[in-house]
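Examination of the molecular architecture
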Amino acid sequence: MLDPSEIRGSLERILKSAPFRASRRMQKFLRYAVEESLAGRAETLKESVVGAAVFERDAAYDTRVDGIVRVEARRLRSKLTEYYQGEGASERIRIEFPSGCYAPAFTDSRQADALRTIAVMPFTSVQTESDQEFADGLTQELIYLLTRIPSLRVIAWNSVEKLRGLPNSDAARQLRADSILEGSVRRNASRVRIHVQLSAAATGVIEWNEVFERELTDLFSIQEDLARCIAHSLRVTVNRSAYSPDAEAYQLYVRGRHAWNRRTEAGFRKAVIFFERAVAIDPNFALAHAGLSDCHSLLCDFGFEPPATSIAAARAAAARALELDPTLAEAHCSSAFVFSMSDWDWEQAERSYRRAIELRPSYPTAHHWLGCDLLALQKRWDEAGREMEVAIALDPLEPALIESMNYLFLLSRRYSLAEERYHDLLKERPDYWKSYTGFGRVLTAQGRYGEAAEMLERGRSIAGDTPVILAALAHVRGLQGNSEAASGHVAALRQYARRRHVAWVTHAIAHLGLRDRAGALYCLERAAEARELSLAAIAVHPVYDELRGEPRLQELIARIGLS
């Protein structure tokens, strides 16, 4: 915990510096934000509040029309960067404003400097395609081992794999990595030879290189030897893994996580098959049990399976993973998701998420779910934003994480910022359906129904007639006054429900489009009885704003522990 007097001392030096001393308004902005945060009122630092307090906007101030706070916040971040690159280069206490936040974060630069970011690029095979799969598996396991080191920030496989074959300097720039680890693999029937080198991203200078040659039966020993040598070069330590799974089971696990990361129904179901095969080969493989838990949780969260069966399976798989390995971060994270989204036990869920992060600081999913599926639902916006920033830093090319940060901006009513970020996401990932449907939700919340419907339809053209998209279309068309189109989407949703599971929450959103509040509330109450996961957003999601005055909604919010 930083001393407030030290923070105030740093503030005064900033205000007297060249980037700030000529700008009274920028001084006022920075001082106000810092003092409010030190007084414990960081959560109140919204765009409208800052506009009134710093820029003297009146009660009629509309943040959608007047973007002065957003513009000045960008200038403030730029001036702080200029200060720390110049006069403030030796400052120990740093005052920074995370993207999308108007509350400052206070850090100790000595601690920040100690956290080194490393990108393990996909190892190359000099032989066949099957050998490349072997090399990829080796890379992923090495990443996993390194993520257990608290003083390292390790970029996730999901992002480094997208930059396969890119020059190190370009990859390091996109991943914001300090060090690059690369290697080549050659194997025959019984032996494997691995050449590895670690280089500084900024200079390309080789810091360490080694050649390992072992029997193929010693694969996990090779991986741990590699991890320890790299850790030694970086002056950190890594502990030996408690369990070495069957090699075939591990490869199945890797393929399962790859499928799970697609965040589609087909991907989740394919991942279940891989994880179940891994467990059949090696019943004591805790990671595969945790993977199964996450599959069943997201099949339910995305509305593809009912909670009664999917959450029971998720809970059992997470419990088995913890039984096999109480130090497994993934298992604690899997349990935390069930504790929060299904059990509504927010305190236990947070303890489990924090434990997962303690065990594996570079696990993006733990930071992601803690930020988006717990802290945000409790309106702890700044904390949620910081967790999402960490998740994105660890897996910067994963669109699901970027979209979740945009979703956080939607929940916290920072619509202009959400819109700006969705434009960026559309440029980067025009093939990702949530780039469009998420944007559609933001436009709906701003009353721009025609644009919202267009975005939802574009998402539908990629993802197909999923219940969530059909309900969102029924909602926006109803709000637009096009009752015929809204009724058509509701009919399509009902037709879908004759074949497949459709969540009560999904039906509730469709009823809101038809202006049927009673029907929407009835569906939400049925969702509570079923303990549907998406119900947890009712306290914060703008789609329910028209029901805020309804006592039945407030009773539901209290029931899930978020009043």
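Data block above holds the structure.
Here goes a summary of the coordinates provided.

Thresholds applied
Residues numbered from 1 in each chain as written. Predicted model: local features only at pLDDT ≥ 70, side-chain atom pairs only at ≥ 80, totals over all residues. Heavy atoms only, no water. Salt bridge = Lys/Arg side-chain N within 4 Å of Asp/Glu carboxyl O. Helix = DSSP H or I, 4+ residues; strand = E, 2+ residues; numbered from the N terminus. Axes fitted to C-alpha atoms, helices over the stretch in contact; angles between N-to-C directions. Parallel < 35°, antiparallel > 145°, perpendicular 65-115°, else oblique. Left-handed = near helix turned anticlockwise from the far one by under 90°. Contact = heavy atoms within 4.5 Å. Nonpolar A, V, L, I, M, F, W, Y, C, P; charged D, E, K, R; others polar. Phe/Tyr/Trp six-rings, centres within 6.5 Å; stacked < 30°, edge-to-face > 60°. Buried < 20%, exposed > 50% of the residue type's maximum accessible area, 1.4 Å probe, protein only. Lys NZ or Arg CZ within 6 Å of the ring centre and 35° of its normal. Patch = residues over 30% accessible without salt bridge, like charges linked within 9 Å, V, L, I, M, F, W, Y side chains within 5 Å. Areas by Shrake-Rupley, 256 points an atom, 1.4 Å probe, with all protein chains shown as cover. Lys, Arg positive; Asp, Glu negative; His and termini not counted. Charge placed at Lys NZ, Arg CZ, Asp CG, Glu CD. Polar contact = N/O pair within 3.5 Å; in protein donor to acceptor, adjacent residues only side chain to side chain. Pairing = 2+ DSSP bridges. Core = buried A, V, L, I, M, F, W, Y, C linked by side-chain atoms within 4.5 Å. Expected span 1.5 Å × (residues − 1).

1. Quick look at the pattern of salt bridges
Taken as a whole and judged by the stated rule, the model has 38 salt bridges. Of the charged contacts in the structure, one is a salt bridge between Arg 164 and Asp 136, with a shortest N-O distance of 3.1 Å. With Arg 164 in the loop between helix 8 (157-160) and helix 9 (168-175) and Asp 136 in helix 7 (residues 129-146), the pair connects residues that are 28 residues apart, well separated along the chain. In this structure, the salt-bridge partner of Arg 460 is Glu 457, at a minimum N-O distance of 3.3 Å.

2. A few points about the packing of helix 17 (residues 364-375) against helix 19 (residues 399-411)
Put simply, helix 17 and helix 19 touch, their axes get as near as 10 Å, and they point 15 degrees apart. Between helix 17 and helix 19, the interaxial angle falls into the category roughly parallel. Along this stretch, helix 17 crosses helix 19, giving a crossing that reads as left-handed. Packed against helix 17, whose contacting residues are Pro 364, His 368 and Cys 372, the element helix 19 presents Leu 401, Ser 404 and Tyr 407 at the interface. Across the contact of helix 17 with helix 19, the residue classes break down as four nonpolar, two polar and no charged.

3. Thoughts on the packing of aromatic side chains
Tallied over the full model, the rule gives twelve aromatic pairs. Both rings, one in Tyr 83 and one in Tyr 84, keep their centres 5.1 Å apart while their planes meet at 65 degrees; by these two values the pair is edge-to-face. Under the relative-accessibility criterion, Tyr 83 is labelled buried at 3%. Assessed through its relative accessible area of 9%, Tyr 84 is described here as buried. Ring geometry for Phe 337 versus Trp 369: centroids 4.5 Å apart, planes at 45 degrees, classification tilted. Residue Phe 337 is found in helix 15 (residues 329-341), and its partner Trp 369 is found in helix 17; the two are separated by 32 residues along the sequence. An identical accessibility class is assigned to Phe 337 and Trp 369; each is buried. Here a set of aromatic residues connected by ring pairs shows up, and it is made of Tyr 250, Tyr 253, Phe 275 and Phe 285. We note Arg 257 situated over the ring of Trp 260; from NZ or CZ to the ring centre the distance is 4.8 Å.

4. Some thoughts on a positive patch on the surface
On the surface, Arg 255, Arg 262, Lys 270 and Arg 277 cluster together into a positively charged patch. With respect to the helices and strands, Arg 255 occurs in helix 11 (residues 247-260).

5. Some remarks on unusual backbone geometry
Positioned with a positive phi, Lys 379 is a non-glycine residue whose angle comes to about 65 degrees. With respect to the helices, strands and loops of the structure, Lys 379 is situated in the loop between helix 17 and helix 18 (381-394). Non-glycine residue Arg 531 carries a positive phi angle of around 55 degrees. Tracing the chain through its elements places Arg 531 in the loop between helix 26 (517-530) and helix 27 (551-559). Arg 531 gets classed as partly exposed once you look at its relative accessible area, which sits at 34%.

6. Here's the deal with the packing of helix 14 (residues 307-324) against helix 15
Each pair of packed helices can be described by the angle between their axes along with the distance between the axes. The geometry of helix 14 relative to helix 15 is characterised by a closest axis approach of 9 Å and an angle of 150 degrees between their N-to-C directions. On the basis of the axis angle, helix 14 is roughly antiparallel to helix 15. For the pair helix 14 and helix 15, the crossing hand works out as left-handed. Contact with helix 14, carried on its side by Ile 311, Ala 314, Arg 315, Ala 318, Ala 321 and Leu 322, involves Ala 331, His 332, Ser 334, Ser 335 and Val 338 of helix 15 and no other residues of that element. Its residues placed into classes, the contact of helix 14 with helix 15 shows seven nonpolar, three polar and one charged.

7. Comments concerning the side chain of Arg 263
Relative to the helices and strands, Arg 263 resides in the loop between helix 11 and helix 12 (265-281). A polar contact of 3.0 Å, which involves the side chain of Arg 263, links it to the side chain of Asn 261. Contacts of Arg 263, omitting those with residues within four sequence positions, involve Phe 268, Leu 298, Phe 302, His 368, Ala 400 and Trp 433.

8. Quick look at the pairing of strand 3 (residues 116-120)
On a regular strand, each side chain points to the face opposite its neighbour's, so the side chains alternate between the two faces of the sheet. Of all five residues in strand 3, four are buried; the element is thus mostly enclosed. In terms of strand pairing, strand 3 meets strand 5 (residues 152-154) through three bridges, oriented parallel. For Thr 117, the partnering residue across the bridge sits in strand 5 and is Arg 153. As paired elements, strand 3 and strand 6 (residues 179-187) share three bridges and run parallel to each other. Across the sheet, residue Val 120 finds its bridge partner in strand 6, namely Leu 181.

9. Here we look at the nonpolar core
Counting 122 residues, the largest nonpolar core has Phe 285, Tyr 353, Leu 377, Leu 524, Leu 535, Ile 538 and Tyr 544 as the members making the most contacts within it. In this structure Tyr 544 touches Val 505, Ile 509, Leu 512, Leu 524, Ala 537, Ile 538 and Leu 553, once residues within four positions along its chain are discounted. Counting residues in hydrophobic clusters, the runner-up holds 31 residues, among them Leu 175, Val 185, Val 192 and Trp 208.

10. Some points on the side chain of Thr 437
Topologically, Thr 437 is positioned in helix 21 (residues 433-445). Since its relative accessible area comes to 6%, Thr 437 is described here as buried. Apart from the residues within four sequence positions on either side, Thr 437 is in contact with Met 455, Leu 456, Gly 459 and Ile 469.

11. Some thoughts on helix 23 (residues 467-480)
Taking 1.5 Å per residue as the helical rise, helix 23 with its 14 residues ought to reach 20 Å, and the 20 Å between its terminal C-alpha atoms agrees with that figure. With twelve of its 14 residues buried, helix 23 lies for the most part within the structure. The set of residues buried in helix 23 consists of Pro 467, Ile 469, Leu 470, Ala 471, Ala 472, Leu 473, Ala 474, His 475, Val 476, Arg 477, Gly 478 and Leu 479. Looking at the buried positions of helix 23, the neighbouring elements they touch are helix 21, helix 22 (449-463), helix 24 (483-499) and helix 25 (504-513). Of the residues flanking the end of helix 23, it is Gly 481, one or two places downstream, whose phi is positive at about 95 degrees.

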